[in-house]
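This is what each chain is made of:
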Amino acid sequence: MKKYKIAVIKGDGIGPEIIDEAKKVLDAAVLNADFGFSYSEYLMGGIAYDITKDPLPQETIEGCLNADAILFGAIGGDKWDNLPREKRPESGLLRLRKELNLYANYRPVKVYEELAEASALKSSVVEGVDLLVVRELTGGIYFGEPRVYDSKKSYNTMVYSKDEVKRIARDAFEAARVRRKKLCSVDKANVLEVSQFWRECVEEVSKDYPDVSLSHMYIDNAAMQLIKDPKQFDVILTSNLFGDILSDEASMISGSIGLLPSASIGGKVALFEPIHGSAPDIAGQGVANPLATIASASMMLRFALHQPEIADKIDKAIQIALKDGYRTKDIASFGAVEICSTTEMGSIVADIVSKM
Ligand code: IPM
Ligand code: MG
């Protein structure tokens, strides 16, 4: 039987808890399939630093490169906040993205019908939202040189090359083409040269996609529009930093940041992770929502392992669990029939998927 090799990185905080539930669901989903998974665990983040003094040990990079896909939880925590930047947990993740050339980050935002009331926004505003943030992930100000930290003056550099912008723009146009054919590129071209350049590159690529309608929006306006009328968006294309911010904002449309999955693609092996962080404040309490990670596992099946039927089953099982009224604490007060722990939610989804 075919066994896909999954590199599993649990990380810090709630990372281990949510990954365990995603694995539970993955295994349940393939009970009757003609393939399975073999998992290998690797260290990254604070835990990797504690054990090896390196937030991204070489063994992890190699393990990931040898896998069919990477399933990742979360990294970071106050405990490591005072380390030099290159030793911080976040540096591990950023280096992994760079090493594996995971330049395209897909963050879909869908509002589950059952949870429209859970949003901080009015349900009439969020009902039916279905958008995709395509975030450039290996360039921009996250990686730009020069970068200097000094007690007198500090700076970073937001830099993009033509090739970097055009390749992510192409991916975003491709995504829009199989959706509602609307692409909104978000920048700050009224102030930043790098954004003016970004806009010109996106325009250039758009010539190859006459069937997709392209618009441009400044980041400040986009942040506002996302709250005012999120339904206007289909695909949002943006740079590394703006995408980081906009996707956290967009998660509130869906009701909880504990619901949003992501895929990071570009190199030989793709990585799948929830968009949320390691939430050290609730780690170990069994209250974290595992659905974002379970949905990330579904994206892994769809985009890396090319098993869309099983991915569909997992997505459906999540929906059924919500429809049946199961809620973790973060989405608890909205139509809850039963408040469940992290492991209970994982078991419920696993149980549903195993019977499909
Ligand atoms: C994310 C996270 C990361 C980022 C952190 C943990 C480095 O916020 O994936 O959105 O800023 O990209
Ligand atoms: Mg973020």
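Note that the structure is predicted; figures quoted are calculated from it, not measured.

**What about the pairing of strand 6 (residues 182-187)?**
For step 1, the next point in the chain: With respect to burial, strand 6 is a largely interior element, 5 of its 6 residues being buried.
For step 2, the next point in the chain: As defined by bridge partners, strand 6 adjoins strand 7 (residues 213-218) across 6 bridges and the pair is classed as parallel. Across the sheet, residue Lys-182 finds its bridge partner in strand 7, namely Ser-213.
For step 3, the next point in the chain: Where the polypeptide runs from strand 6 across helix 7 (residues 193-206) and back to strand 7, its parallel neighbour, the crossover connection is right-handed.
For step 4, the next point in the chain: Where strand 6 meets strand 8 (residues 235-238), 4 bridges bridge the pair, whose relative direction is parallel.

**Structural notes on unusual backbone geometry**
For step 1, the next point in the chain: Look at the link from Glu-145 to Pro-146: it is a cis peptide, with omega at 0°.
For step 2, the next point in the chain: For Pro-146, the position within the fold is in the loop between strand 5 (130-136) and helix 6 (162-177).
For step 3, the next point in the chain: Even without being a glycine, Asn-101 presents a positive backbone phi close to 55°.
For step 4, the next point in the chain: In this fold, Asn-101 is placed in the loop between helix 4 (89-99) and strand 4 (104-110).
For step 5, the next point in the chain: Judged by relative accessible area, Asn-101 falls into the partly exposed class, the value being 30%.

**Quick notes on the pairing of strand 3 (residues 69-74)**
For step 1, the next point in the chain: Counted residue by residue, strand 3 has 6 buried out of 6 residues, so it is predominantly covered.
For step 2, the next point in the chain: Direction of pairing for strand 1 (residues 2-11) relative to strand 3: parallel, over a ladder of 5 bridges. Bridge pairing in strand 3 places Gly-11 opposite Ala-74.
For step 3, the next point in the chain: For strand 3 and strand 10 (residues 271-274), the ladder comprises 2 bridges, and the chain directions are parallel. By the bridge assignment, Ile-70 is partnered in strand 10 with Leu-271.

**Thoughts on the domain arrangement of the chain**
For step 1, the next point in the chain: By domain assignment, the chain separates into domain 1 (1-109 + 256-356) and domain 2 (120-254).
For step 2, the next point in the chain: On the domain 2 side, the residues contacting the 19 residues of domain 1 number 24 residues.
For step 3, the next point in the chain: Interface area for domain 1 against domain 2, summed over the two sides, is near 2000 Å², with a carbon-plus-sulfur share of 59%.
For step 4, the next point in the chain: Among the residues of domain 1 in contact with domain 2, Tyr-103, Arg-107 and Val-109 are the three that bury the most area, contributing 37% of the side total.
For step 5, the next point in the chain: At the boundary of domain 1 with domain 2, the tally comes to 0 salt bridges.
For step 6, the next point in the chain: Viewed at the interface, domain 2 and domain 1 are joined by 8 residue pairs in polar contact (both at pLDDT 80 or more).
For step 7, the next point in the chain: Of all the elements in the fold, those that place two or more residues in the side of domain 1 that touches domain 2 are helix 4 and strand 4.

**Here we look at the site of ligand 1**
For step 1, the next point in the chain: Lining the immediate environment of ligand 1, one finds Glu-90, Arg-97, Arg-107, Arg-135, Tyr-142 and Asp-244.
For step 2, the next point in the chain: A distance of 2.7 Å separates an oxygen atom of ligand 1 from a polar atom in the side chain of Arg-97.
For step 3, the next point in the chain: With respect to ligand 1, the side chain of Arg-135 contributes an N or O atom lying 2.8 Å from an oxygen atom.
For step 4, the next point in the chain: Within the complex, 79% of the 320 Å² of free accessible area of ligand 1 lies under protein.
For step 5, the next point in the chain: Taken domain by domain, the shell around ligand 1 gets at least three of its residues from each of domain 1 (1-109 + 256-356) and domain 2 (120-254).

**With respect to the pattern of salt bridges**
For step 1, the next point in the chain: Counted by the stated rule, this structure contains 23 salt bridges.
For step 2, the next point in the chain: As a salt-bridge pair, Asp-234 and Arg-180 come within 4.0 Å of each other at their nearest N and O atoms. Of this pair, Asp-234 sits in the loop between helix 8 (219-228) and strand 8 while Arg-180 sits in the loop between helix 6 and strand 6, and the two are 54 residues apart along the sequence.
For step 3, the next point in the chain: The exposure class of Arg-180 is partly exposed, given its relative accessible area of 42%.
For step 4, the next point in the chain: Each of Lys-10, Asp-20, Lys-23 and Glu-41 takes part in one network of salt bridges that share partners.

About the criteria used
Residues numbered from 1 in each chain as written. Chains lettered and ligands numbered in written order. Predicted model: local features only at pLDDT ≥ 70, side-chain atom pairs only at ≥ 80, totals over all residues. Heavy atoms only, no water. Buried < 20%, exposed > 50% of the residue type's maximum accessible area, 1.4 Å probe, protein only. Helix = DSSP H or I, 4+ residues; strand = E, 2+ residues; numbered from the N terminus. Pairing = 2+ DSSP bridges. Right-handed = clockwise from strand over helix to strand, strands pointing away. Domains from an automatic or database assignment. Contact = heavy atoms within 4.5 Å. Buried area = accessible area lost by both parts, 1.4 Å probe. Salt bridge = Lys/Arg side-chain N within 4 Å of Asp/Glu carboxyl O. Polar contact = N/O pair within 3.5 Å; in protein donor to acceptor, adjacent residues only side chain to side chain. Near = heavy atom within 4 Å. Areas by Shrake-Rupley, 256 points an atom, 1.4 Å probe, with all protein chains shown as cover.

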